[in-house]
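Listed here are the chains, written in short residue letters.
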Amino acid sequence: MDKVKVNMFVNGKPVSLEVKPYARLLDVLREDLGLTGTKEGCGVGECGACTVIVDGETVNTCLTLAASMDGKHITTIEGLMENEKLHPIQEAFIKHNALQCGFCTPGLIMSAKALLDSNPNPSTEQIKVAISGNLCRCTGYEQVVDAIKEVAEKSK
Ligand code: FES
Ligand code: FES
């Protein structure tokens, strides 16, 4: 089957690729671009481990065709660090022990980032809704909510 040309921006950089029409964005990020911070958990849109931000909105990359990304701006967990410094959300997750194995963490952090970018001062309820698509099999969610709350507080 013919490949499809896709021009997109990944973590601020222009990327041109030829992808199979049925290639998942998850596989293109991980295998073609080496961005393995985005994880595959369920592969069917239920766990949120594969979450990235596309044009400001969270997207499950296991359900997204790479071919549909032409002209889009994609941010992955690798795009959050600046000048070798962790993003404040990453720092807060560490401080609040909001992770154990860390498999769900990139997805949770991307959901938190999309929330705080659009609503810098969310309520606890809004935080819970924003991360409701991200499943964690290890730890409680309270620490995650606390970490996100702290970032919101500090940005006031
Ligand atoms: S791997 Fe995409 S939602 Fe689970
Ligand atoms: S920290 Fe292990 S799945 Fe969330």
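Shown above is the structure to which this text applies.
Small disclaimer: the values here were computed from a predicted structure and weren't measured. (Residues numbered from 1 in each chain as written. Chains lettered and ligands numbered in written order. Predicted model: local features only at pLDDT ≥ 70, side-chain atom pairs only at ≥ 80, totals over all residues. Heavy atoms only, no water.)

Chemist: Teacher, can you tell me more about the overall build of the protein here?
Modeler: Per the secondary structure count, the protein includes five helices and five strands. Listing each helix as α and each strand as β along the protein from the N terminus yields β-β-α-β-β-β-α-α-α-α. Here the C-alpha radius of gyration of the protein, 15 Å, is about what a compact globule of 156 residues would show, namely 15 Å. Summarising its shape, the C-alpha atoms of the protein cover approximately 50 × 30 × 25 Å along the three principal directions. In the protein, which comprises 156 residues, the proportion classed as buried is 42%. Taking the intrachain contacts of the protein between residues at least 6 apart in sequence as the baseline, contacts between residues at least 24 apart amount to 55%. Of the roughly 8400 Å² of accessible surface on the protein, 49% is carried by carbon and sulfur atoms. (Helix = DSSP H or I, 4+ residues; strand = E, 2+ residues; numbered from the N terminus. Rg over C-alpha atoms; globule rule 2.2 N^0.38 Å. Buried < 20%, exposed > 50% of the residue type's maximum accessible area, 1.4 Å probe, protein only. Contact = heavy atoms within 4.5 Å. Areas by Shrake-Rupley, 256 points an atom, 1.4 Å probe, with all protein chains shown as cover.)

Chemist: Looking at this model, I keep getting lost on the sheet that holds strand β1 (residues 4-10). Mind explaining?
Modeler: Adjacent strands of a sheet pair through backbone hydrogen bonds, lying either parallel or antiparallel. As summarised here, the arrangement of the five strands in space is β2-β1-β5-β3-β4, forming an open sheet in which the pairing is mixed. Every other strand in the sheet has two partners, leaving β2 (13-19) and β4 (57-60) as the edge strands with one partner each. Each neighbouring strand pair of the sheet contributes to a mean axis angle of 40 degrees, computed without reference to strand direction. Of the strand pairs in this sheet, strand β3 (residues 51-54) and β4 are connected by four bridges, and their pairing is antiparallel. Bridge pairing in β4 places valine 54 opposite glutamate 57. (Pairing = 2+ DSSP bridges. Axes fitted to C-alpha atoms, helices over the stretch in contact; angles between N-to-C directions.)

Chemist: Looking at this model, I keep getting lost on unusual backbone geometry. Mind explaining?
Modeler: In terms of backbone geometry, most residues other than glycine have negative phi values and most peptide bonds are trans. Positive phi outside glycine occurs at aspartate 55, with the angle close to 45 degrees. Of note, aspartate 55 is situated in the loop between β3 and β4. According to the relative accessible area criterion, aspartate 55 is partly exposed, its value standing at 42%. Even without being a glycine, asparagine 83 presents a positive backbone phi close to 50 degrees.

Chemist: What exactly am I supposed to notice about the nonpolar core here?
Modeler: The nonpolar side chains of soluble globular proteins are, as a tendency, buried together. In terms of nonpolar packing, the biggest core is built from 24 residues, with Ile89, Phe93, Val144 and Ile148 touching the most fellow members. Counting residues per element, the ones that place at least two in this core are α2 (88-95), α3 (105-118) and α5 (142-154). The element contributing the most residues to this core is α3, with seven residues. The contact partners of isoleucine 148, leaving out residues within four places of it in the chain, are Phe93, Ala112, Leu115, Leu116, Ile127 and Ile131. (Core = buried A, V, L, I, M, F, W, Y, C linked by side-chain atoms within 4.5 Å.)

Chemist: Looking at this structure, how should I read the pattern of salt bridges?
Modeler: Oppositely charged side chains can form a pair if their charged atoms are brought close together. On inspection of all chains with the given rule, the structure shows six salt bridges. Across the salt bridge formed by aspartate 117 and lysine 113, the nearest N and O atoms sit 2.7 Å from each other. Of the two residues, aspartate 117 and lysine 113 both sit in helix α3, four residues apart, roughly one turn of that helix. Take aspartate 117: its relative accessible area is 53%, and that puts it in the exposed class. Take lysine 113: its relative accessible area is 16%, and that puts it in the buried class. One salt bridge in this structure joins glutamate 153 and lysine 156, with 3.0 Å as the shortest N-O distance. (Salt bridge = Lys/Arg side-chain N within 4 Å of Asp/Glu carboxyl O.)

That is the geometry; function is a separate question.
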